[in-house]
Amino acid sequence: MNVVQLITKKRDGGPLAGTEIRRLIAAYTLGEVPEYQMSAWAMAVFLRGMNDEETAALTEAMLESGTRLRWPAELVVGDKHSTGGIGDKTSLILAPLLACCGVAVPMISGRGLGATGGTLDKLEALPGFRTDLSLAEIRRQTEQIGCTITGATIDLAPADRKLYALRDVTATVASIPLITASIMSKKLAEGLKALVLDVKCGSGAFMRSAAEARLLAESLVAVGRRMSVRTTALISDMNQPLGRMVGNGVEVDEALEVLRNGGPADLVELTLELGAEVLVSAELAPTRKDAVALERKHLASGAVYEKFAAMIRAQGGDLDAPRPRASEMIVVADQRGYIMRIDAEALGWTIIELGGGRRQLGDPIDHAVGLELMARLGDEVRAGDPLARVWGRTHTDREAAAAAIREAVQIGEIGSTGPPLVLERIA
Ligand code: URA
């Protein structure tokens, strides 16, 4: 294989053959292709794109770089993946919810990326919770309890681990074929029968417009189907945080509210809709309406909370240990009007500035900081009404967060609730 020829072919817009892509990824995983050549190749893909066959071949090659989980034939294995949003704690609820409905969920999750928080960082607000389970532990726990949420092991799609780190520092992350192969290789390694993708769109998402989100959703669904996984996607609005809480410990607390059959309506609705997609794909419910009814029944019975508690215990976490919050400050509106726009990404960066996310690889996470957004798009407020609550370590931190929130939440003369929560379904 001549890597220079492969880079040249892609640079000039030509499609690469499946065998060329497979050889390149295999050699890169073994350390036989230097990072500078792989960066050039990634940039060529970023600029020239890939057709569906190439994207599928890249996904397959990355999947084959590692192990694929295998399950007993009778187990219905399913999962959800989100492209990342602000305040998105649906995974914490959905894994035990689906497990109660008969789906085994071996959820491989990530850490914060850019302004968005990560499921693993949130769950680590529970003292002792382990996110480094081995493949044998993932298998055992998923078969015995029904759900697991943990980080990727080194055996699952190692090519993605390498390529993602390279893309992160070569401005090649935001490419639909590269994102598709990255997400789908990890999800397919879980050995799934059914998968739903939550493609976020708006001020707090990777994809700002519905058109971009649709392209990504279609690409993800096409690859999933090609690889025999029943895959659907929802495009969901991310022009304001999902739920009220943003941060690590506070998001766990809000997820617990939903697990106890309460919690904010938008968070509940999206979680149930995503779950319904998996249940229908897995043929555990005839229609999405039936699936939602089944999910509501399990939530109301307390079974989903019990399942979550069992998963946390199995992974060493302590649900009863106190989860301290930093000192609190209320942020008030400085004028009357309607909430016209929320810069959700800026709220994500505010959490990072408070210490709840990483500025650099390896930074520690402060689980006690966070914010609660007390007004939503379209709400009417008067000067002095509470906009948000901030938990920060120092007065200076809280003041800086308050200023950032006032800037992120625009008050004006026109009230609009923004787009619907679920914009589109791609199947
Ligand atoms: N999440 C991933 O896992 N990979 C990407 O490329 C982007 C988001």
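Quick caveat, the model's predicted, so the values are computed rather than measured.

Reading the values: rules and limits
- Residues numbered from 1 in each chain as written.
- Predicted model: local features only at pLDDT ≥ 70, side-chain atom pairs only at ≥ 80, totals over all residues.
- Heavy atoms only, no water.
- Pairing = 2+ DSSP bridges.
- Helix = DSSP H or I, 4+ residues; strand = E, 2+ residues; numbered from the N terminus.
- Axes fitted to C-alpha atoms, helices over the stretch in contact; angles between N-to-C directions.
- Contact = heavy atoms within 4.5 Å.
- Salt bridge = Lys/Arg side-chain N within 4 Å of Asp/Glu carboxyl O.
- Buried < 20%, exposed > 50% of the residue type's maximum accessible area, 1.4 Å probe, protein only.
- Domains from an automatic or database assignment.
- Buried area = accessible area lost by both parts, 1.4 Å probe.
- Near = heavy atom within 4 Å.
- Polar contact = N/O pair within 3.5 Å; in protein donor to acceptor, adjacent residues only side chain to side chain.
- Areas by Shrake-Rupley, 256 points an atom, 1.4 Å probe, with all protein chains shown as cover.
- Nonpolar A, V, L, I, M, F, W, Y, C, P; charged D, E, K, R; others polar.
- Arc of directions from axis to C-beta.
- Left-handed = near helix turned anticlockwise from the far one by under 90°.
- Phe/Tyr/Trp six-rings, centres within 6.5 Å; stacked < 30°, edge-to-face > 60°.
- Lys NZ or Arg CZ within 6 Å of the ring centre and 35° of its normal.
- Expected span 1.5 Å × (residues − 1).

Visitor: Would you mind going over the sheet that holds strand S4 (residues 194–201) in detail, with residue names and values included?
Guide: Read from one edge to the other, the open sheet built from 4 strands follows the order S1-S4-S5-S13, with strand pairing classed as mixed. Two strands close off the open sheet at either side, each with one partner strand: strand S1 (78–82) and strand S13 (422–426). Strand-to-strand, the axes of this sheet are offset by a mean angle of 15 degrees, without reference to chain direction. Sheet topology note: the strand S5 (residues 230–237)/S13 ladder contains 4 bridges and is antiparallel. Note on S13: the bridge partner recorded for Ala 233 is Ile 426. Running over the sheet, helix H12 (residues 265–281) touches S1, S4, S5 and S13 and is turned about 150 degrees from S4.

Visitor: A description of the sheet that holds strand S9 (residues 370–373) should follow, citing residues and the corresponding values.
Guide: Reading across the sheet, the 4 strands line up as S6-S9-S11-S7 and stay open at both edges, with antiparallel pairing between neighbours. A single partner strand is all that each edge strand has here, and the edge strands are strand S6 (245–247) and strand S7 (327–332). Neighbour to neighbour, the strand axes of the sheet diverge by 20 degrees on average, direction disregarded. Relative to the sheet, helix H11 (residues 249–259) contacts S6, S9 and strand S11 (386–392), its axis offset from that of S6 by approximately 140 degrees. Sheet strands touched by helix H15 (residues 344–356): S6, S9 and S11. Its angle to S9, the strand with the most contacts, is close to 150 degrees.

Visitor: Can you lay out the pattern of salt bridges for me, pointing to particular residues and giving the numbers?
Guide: If you walk through the whole model with that rule in mind, you get 31 salt bridges. With its nearest N and O atoms 2.9 Å apart, the salt bridge here joins Arg 214 to Glu 424. Of the two residues, Arg 214 sits in helix H10 (residues 210–226) while Glu 424 sits in strand S13, which places them 210 residues apart along the sequence. Looking at Arg 214, the relative accessible area reads 29%, which means it is partly exposed. Glu 328 serves as the salt-bridge partner of Arg 389, at 3.0 Å between the closest nitrogen and oxygen. In this pair, Arg 389 sits in strand S11 while Glu 328 sits in strand S7, placing the two residues 61 residues apart along the sequence. Several salt bridges share partner residues, and in doing so they unite Arg 111, Asp 121, Glu 124 and Arg 358 into one network.

Visitor: How would you sum up the domain arrangement of the protein chain? Please name residues and give values.
Guide: Here the domain parsing of the protein chain yields domain 1 (3–49), domain 2 (78–314) and domain 3 (327–412). Each of domain 2 and domain 3 has a C-alpha centre, and these two points are 25 Å apart. Each partner contributes residues to the interface: domain 2 has 24 residues there, and domain 3 has 24 residues. Summed over both partners, the interface of domain 2 with domain 3 buries about 1900 Å², with 53% contributed by carbon and sulfur atoms. Sorting the residues of domain 2 by area buried against domain 3 places Ala 115, Gln 240 and Arg 244 first, and these three jointly supply 29% of that buried surface. Across the domain 2-domain 3 interface, the total number found is 4 salt bridges.

Visitor: Which residues make up the site of the ligand, and what values do they have?
Guide: All residues adjacent to the ligand are Tyr 164, Arg 167, Ile 179, Ser 182, Ile 183 and Lys 186. In the model, a nitrogen atom of the ligand is placed 2.6 Å from a nitrogen or oxygen of the Ser 182 side chain. Lys 186 places a polar side-chain atom, nitrogen or oxygen, 2.5 Å from an oxygen atom of the ligand. Across the complex, the protein chains shield 92% of the 240 Å² of accessible surface that the ligand would expose by itself. Residue assignment for the shell around the ligand shows that the elements contributing at least two residues are helix H8 (158–168) and helix H9 (176–188). Residue contributions to the shell around the ligand peak at 4 residues, all from H9. Its residues assigned to classes, the shell around the ligand shows 3 nonpolar, 1 polar and 2 charged.

Visitor: Describe helix H7 (residues 135–144), naming the residues involved and giving the relevant values.
Guide: Along H7, the positions that sit buried rather than exposed are Leu 135, Ile 138, Gln 141 and Thr 142. Each buried residue of H7 lies within a common arc of 135 degrees when the element is viewed along its axis, so the set occupies one face. Buried-residue contacts for H7 involve strand S2 (105–109), strand S3 (147–151) and helix H14 (303–314). Gly 146 sits one or two residues past H7 and shows a positive phi near 110 degrees.

Visitor: Account for the packing of helix H2 (residues 18–29) against helix H4 (residues 52–64), naming residues and giving values.
Guide: Following both chains from N to C, one finds H2 and H4 inclined at 30 degrees, their axes separated by 9 Å at the closest point. When the axes of H2 and H4 are compared, the crossing they make is right-handed. Contact with H2, carried on its side by Gly 18, Ile 21, Arg 22 and Ile 25, involves Glu 54, Ala 57, Leu 58, Ala 61, Met 62 and Glu 64 of H4 and no other residues of that element. Partitioned by chemical class, the residues of the contact of H2 with H4 number 6 nonpolar, 1 polar and 3 charged.

Visitor: Break down the packing of aromatic side chains for me, with residues and values.
Guide: One pass over the structure, following the stated rule, counts 0 aromatic pairs. When the ring centre of Tyr 164 is taken as origin, the NZ or CZ atom of Lys 186, which lies over that ring, is 5.9 Å away. The residue whose ring lies beneath Arg 325 is Trp 391, and the NZ or CZ to ring-centre distance is 4.7 Å.

Visitor: I'd like a description of the packing of H4 against H10, backed by residues and values.
Guide: At a closest axis distance of 10 Å, the pairing of H4 and H10 adopts a crossing angle of 65 degrees. Crossing angle aside, the handedness with which H4 passes H10 is right-handed. Contacts from Asp 52, Glu 53, Thr 55, Ala 56 and Thr 59 of H4 reach H10 at Ser 219, Val 223 and Arg 226. Among the residues making up the contact of H4 with H10, the classes are represented as 2 nonpolar, 3 polar and 3 charged.

Visitor: Now, about H9: what can you tell me, with residues and values included?
Guide: With 13 residues, H9 extends 17 Å between its outermost C-alpha atoms, agreeing within 8% with the 18 Å of an ideal straight helix rising 1.5 Å per residue. Most of H9 sits out of view: 11 of its 13 residues are buried. The complete set of buried residues in H9 reads Pro 177, Leu 178, Ile 179, Thr 180, Ala 181, Ser 182, Ile 183, Met 184, Ser 185, Lys 187 and Leu 188.

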